[in-house]
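Close look at the chain arrangement
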Amino acid sequence: MASYMILTPPGARADDDRARFVADGFSWGAFLFPALWLFAQRMWLTGILVAVLQILLISLSAIGGGLLTALLLHLALALVVSLEGPVFIVRRLIARDWTLRSIVPARDLETAEEIYFANVAPADRKAMERPAVDWPRQAQANTGPGLGLFESYGER
């Protein structure tokens, strides 16, 4: 089961249709093509950095005995991007004044949307007024011992 981080644009209400759901989990696209995935997510500077690192690792593999080292470093780079990529996206959005509204565990995006929007009151629906109940007022002073673990004045 994945977790979905829900963010809304700056100044938007919690029930805004532009809310963005970011799945916090492993991404196969980011694992197989780290730099291209970052470019697709509009993370230009990080994508350029990862592309340069990938090119350096390819050149390292051409050196005698560097193939295994380059392969392991490329695997580590791909794992970092595929596991932490969604967090990079959320941090970028928060830096642009988006609001992190909630984190919802769900099987898929559709279920996450249902759970989130079911718990958020729509803006056009007014808050339900609670009926006024006239409960009898209890006496302020305790006249005798009561049931319970603690006394009413805080001693044990």
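Everything in this summary refers to the structure shown in the same document.

About the thresholds
- Residues numbered from 1 in each chain as written.
- Predicted model: local features only at pLDDT ≥ 70, side-chain atom pairs only at ≥ 80, totals over all residues.
- Heavy atoms only, no water.
- Helix = DSSP H or I, 4+ residues; strand = E, 2+ residues; numbered from the N terminus.
- Buried < 20%, exposed > 50% of the residue type's maximum accessible area, 1.4 Å probe, protein only.
- Contact = heavy atoms within 4.5 Å.
- Areas by Shrake-Rupley, 256 points an atom, 1.4 Å probe, with all protein chains shown as cover.
- Axes fitted to C-alpha atoms, helices over the stretch in contact; angles between N-to-C directions.
- Parallel < 35°, antiparallel > 145°, perpendicular 65-115°, else oblique.
- Left-handed = near helix turned anticlockwise from the far one by under 90°.
- Patch = residues over 30% accessible without salt bridge, like charges linked within 9 Å, V, L, I, M, F, W, Y side chains within 5 Å.
- Salt bridge = Lys/Arg side-chain N within 4 Å of Asp/Glu carboxyl O.
- Lys, Arg positive; Asp, Glu negative; His and termini not counted.
- Charge placed at Lys NZ, Arg CZ, Asp CG, Glu CD.
- Pairing = 2+ DSSP bridges.

Next up on the list: the overall build of the protein. Along the protein, the regular secondary structure elements total five helices and three strands. Ordered by position from N to C terminus, the α and β elements of the protein give β-β-α-α-α-α-β-α. Going through the 156 residues of the protein one by one, you find that 28% of them count as buried. Sequence separation of at least 24 residues holds for 64% of the intrachain contacts in the protein that already meet a minimum separation of 6. A total accessible area of about 11,900 Å² is found for the protein, and carbon and sulfur atoms account for 60% of it.

In a pair of packed helices, the angle between the axes and the distance between the axes together describe the arrangement. Interaxial distance between helix 3 (residues 44–62) and helix 4 (residues 67–95) falls to 8 Å at its minimum, and their mutual angle equals 160°. Classified by the interaxial angle, the pair formed by helix 3 and helix 4 is roughly antiparallel. Relative to helix 4, helix 3 is oriented so that their crossing is left-handed. Along the contact surface, helix 3 presents Val-50, Leu-53, Gln-54, Leu-57, Leu-60 and Ser-61, while helix 4 presents Leu-67, Thr-69, Ala-70, Leu-73, His-74, Leu-77 and Val-81.

Moving on: a negative patch on the surface. Residues Asp-108, Glu-110, Glu-113 and Glu-114 make up a contiguous surface patch of negative charge. The exposure class of Asp-108 is partly exposed, given its relative accessible area of 34%.

What links the strands of a sheet is backbone hydrogen bonding, and the strands pair in either a parallel or an antiparallel sense. Spatial strand order, 2-1-3: three strands in an open sheet with antiparallel pairing. The open sheet has two edge strands with one neighbour each: strand 2 (20–24) and strand 3 (99–106). Mean inter-strand twist for the sheet, computed between neighbouring axes without regard to direction, equals 25°. Where strand 1 (residues 2–8) lies against strand 2, five bridges are found, and the strand directions are antiparallel. The partner of Ile-6 across the bridge, within strand 2, is Phe-21. Each of strand 1, strand 2 and strand 3 is contacted by helix 4, which is oriented at about 145° to strand 2, the strand it contacts most. Against the sheet, helix 5 (residues 109–119) engages strand 1, strand 2 and strand 3, with an angle of about 120° to strand 3.

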